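These are the residues of each chain, in order.
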Amino acid sequence: MCGIVGYIGENNAADVLLGGLKRLEYRGYDSAGICMLDGGELHTERSVGKVQDLADKVYQNLPENIIQATRLGVAHTRWATHGEPSEENAHPHLDQSGRVALVHNGIIENYKEIRQRLTAAGHSFKSQTDSEVLAHLIGAYYGENGDFLQAVCGALNQVEGTFGIAALCLDQPDCVVVARRGSPIVVGLGHNETIVASDAAAIIAHTDQVIYLDDDDVALLKRDDVDLRNIHNVPVSRDVARIEWDARAAEKDGYDHFMLKEIFEQADSLCNTFRGRLDVKQGTAILSGLNLTPREMADIQKVLLIACGTSLHAAMLGKYYFEDLADLCTDVEPAAEFRYRNPIVHARDLAVAISQSGETADTLAAVREAMNKGARVTGLCNVVGSTIARETGTGVYLHAGPEIGVASTKAFTSQMMVLMMMALKFGRGRRLSIQKGLEIIKEIERTPELVAKTLELNQHIAGIAKKYHYVRDFFFIGRGYLYPVALEGALKLKEISYIHAEGYHAAELKHGPIALLEPDVPVLALACDVPGKDKLLGNVEECRARKAPVIGIATEDDEEAVSYLDEVIPVPRTSTLLAPLTAVIAAQLFAYHMARFRGCEIDQPRNLAKSVTVE
Ligand code: M6R
């Protein structure tokens, strides 16, 4: 949602903090701010817009000698929840005395009540935010006892809601205090420096040694020491972990956009997802992180796949895999819906939370609900050490590498891969034969080659996008395994190009939406040569009869499909199980080029943020 960076060390804090914010900008980009301490003074700057706007302001407004002397500070890039994007609402927020500066990610649910109390005690507020209320509350405690760590603990004991915070105090020029509940905080342990951030992307250039804070942890950070407490100020200990990827993984590496880079990484990211996880003797998958014995697996009676957004579309694919390969009854649950209705969950159900970030608030709440109801819960996350990964305790990491583009691409294909491997494993424990298992493994091993061939279509797809990028509405249709791809293709298009796009089951079109088809409302049909293609081509005919142009993602050399389509994106022939893979990569490229021709901000689409840690 928002990105936080904090620093204390021997380097120039302004450069470190602004560099860190740039790497976290995908978490929020409507405003940004920084506060640094030097020579007994707090230097605070805030600005609406991108981190670069803030950097320009800092280097313009602060004298060079001060910038060079700063060794300590906190910074923030915001995705607005309470209060519009404005300078007043941008972080850091100061307390009433102007001695405490705070950056905050999350939502303080009882902020109105605390604000009223503090207002009655003489506090005045400059912003509409819940975060400023927390800064004042910390300041109020600090005023009473003069102990900064104790003040943060005292304030956090008063608040309801979620927080990832970093705070500094004018009187304490040698420390930054951080804490978390529901919003990630990662502490990087460098050489004579400590850098803290909402995620590892801002840290990796400094160190690969990190501590992931748990909920209700508070840490007093010095340049060479980390004092870990809980919010009752009682010491706790946490393991030091190693970040597995290198700094280049979080760079564009010559590509114009992270999204394009991540689309092109998919042969590698998929390899990383399945490497070491295929048992070529038994025709099954090795997913030890699931921590299930064969007997426990055989005992599972239903699978619940819980997710949001793109991950929800991967879950929809997972349903096909589990039902077809493992004969397991599978429900797909939009996380936000699952947590608020009264879902029927049994002890023999396996709930699988699917989340790239591992931080999505709705998915996390659904995990907790499924746990409360007695289900086994496991996580499929990309971000190592993320909240969902840690709360579920078991699961399978995607190993897709950092995904920075707000539009999820490589995480989707890795989620699809993990779900296929899980279904294979469950299937082999049930009725799937070893021969069938071995065939599936061969298919999986072919994926890098299939991806590489699909990526060769880049220029061809760009040519089609050039022709259609001016349209206002788009339909995506598919059936069977390609139905979730229709939904995902439409989501990709709308989120980065702002074209109104609807994904539909091809058969559903005639139950209403067909009324919207016209010559300037194109349809993208997922027309690969898999079961259901004949019916789909019938639906294509219905569209063309309404004069809607139809672009088809079809199997190469499929002359029959070509004869039905106005434009063809010919993807390599695959089995049914892998048809969604090549089709979705073509759809990702299509959305990318449409957005590019429309001049959109592809990596940072308006109103969005990479990880949605509010309801
Ligand atoms: O991190 P998660 O997988 O839990 O995120 C879920 C959605 O917020 C995410 O997939 C979102 O829909 C993407 N912007 C889609 O590209």
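The structure this text deals with has already been given above.
Residues numbered from 1 in each chain as written. Predicted model: local features only at pLDDT ≥ 70, side-chain atom pairs only at ≥ 80, totals over all residues. Heavy atoms only, no water.

Caption draft 1: Focus on the pairing of strand 7 (residues 163-169). Of all seven residues making up strand 7, seven are buried, and the element is well covered by its neighbours. By the alternation rule, side chains of strand 7 split into Phe 163, Ile 165, Ala 167 and Cys 169 and Gly 164, Ala 166 and Leu 168, which are all buried. Pairing between strand 6 (residues 100-105) and strand 7: six bridges, direction antiparallel. Looking at strand 7, one finds that Asn 105 is bridged to Gly 164. Sheet topology places strand 7 next to strand 8 (residues 176-181); five bridges connect them, and they run antiparallel. Its bridge partner lying in strand 8, Ala 167 is registered against Val 177. In this structure, the hairpin formed by strand 7 and strand 8 is closed by a connection of six residues. (Buried < 20%, exposed > 50% of the residue type's maximum accessible area, 1.4 Å probe, protein only. Helix = DSSP H or I, 4+ residues; strand = E, 2+ residues; numbered from the N terminus. Pairing = 2+ DSSP bridges.)

Caption draft 2: Focus on the side chain of Lys 410. In this structure, Lys 410 sits in helix 14 (residues 410-428). Among the residues examined, Lys 410 registers a relative accessible area of 2% and is labelled buried. Here Lys 410 is in contact with Glu 262, Glu 265, Gln 266, Ser 269, Ala 400, Gly 401, Pro 402 and Glu 403, once residues within four sequence places are set aside. (Contact = heavy atoms within 4.5 Å.)

Caption draft 3: Examining the packing of aromatic side chains more closely. Enumeration over the complete set of coordinates arrives at eight aromatic pairs. Seen in terms of ring centroids, Tyr 142 and Phe 148 are 6.0 Å apart; in terms of plane orientation they differ by 85°. Their pairing is edge-to-face. Its relative accessible area of 10% is what places Tyr 142 among the buried residues. A residue is classified by how much of its surface remains accessible, and Phe 148, at 1% relative accessible area, is buried. An aromatic cluster is present here, built from Tyr 320, Tyr 321 and Tyr 481 joined pairwise through their rings. Across from the ring centre of Phe 597, 4.7 Å away, lies the NZ or CZ of Arg 596, which sits over that ring. Note that Arg 606 overlies the ring of Tyr 498, its terminal NZ or CZ placed 3.8 Å from the centroid. (Phe/Tyr/Trp six-rings, centres within 6.5 Å; stacked < 30°, edge-to-face > 60°. Lys NZ or Arg CZ within 6 Å of the ring centre and 35° of its normal.)

Caption draft 4: Quick look at the environment of Leu 328. The topology assignment puts Leu 328 in the loop between helix 10 (309-326) and strand 18 (329-334). For Leu 328 and Glu 87, which are 241 residues apart along the polypeptide, the C-alpha to C-alpha distance reads 53 Å. Beyond its immediate chain neighbours, meaning those up to four positions away, Leu 328 contacts Ile 300, Gln 301, Lys 302, Val 303, Phe 322, Glu 323, Phe 426 and Arg 430.

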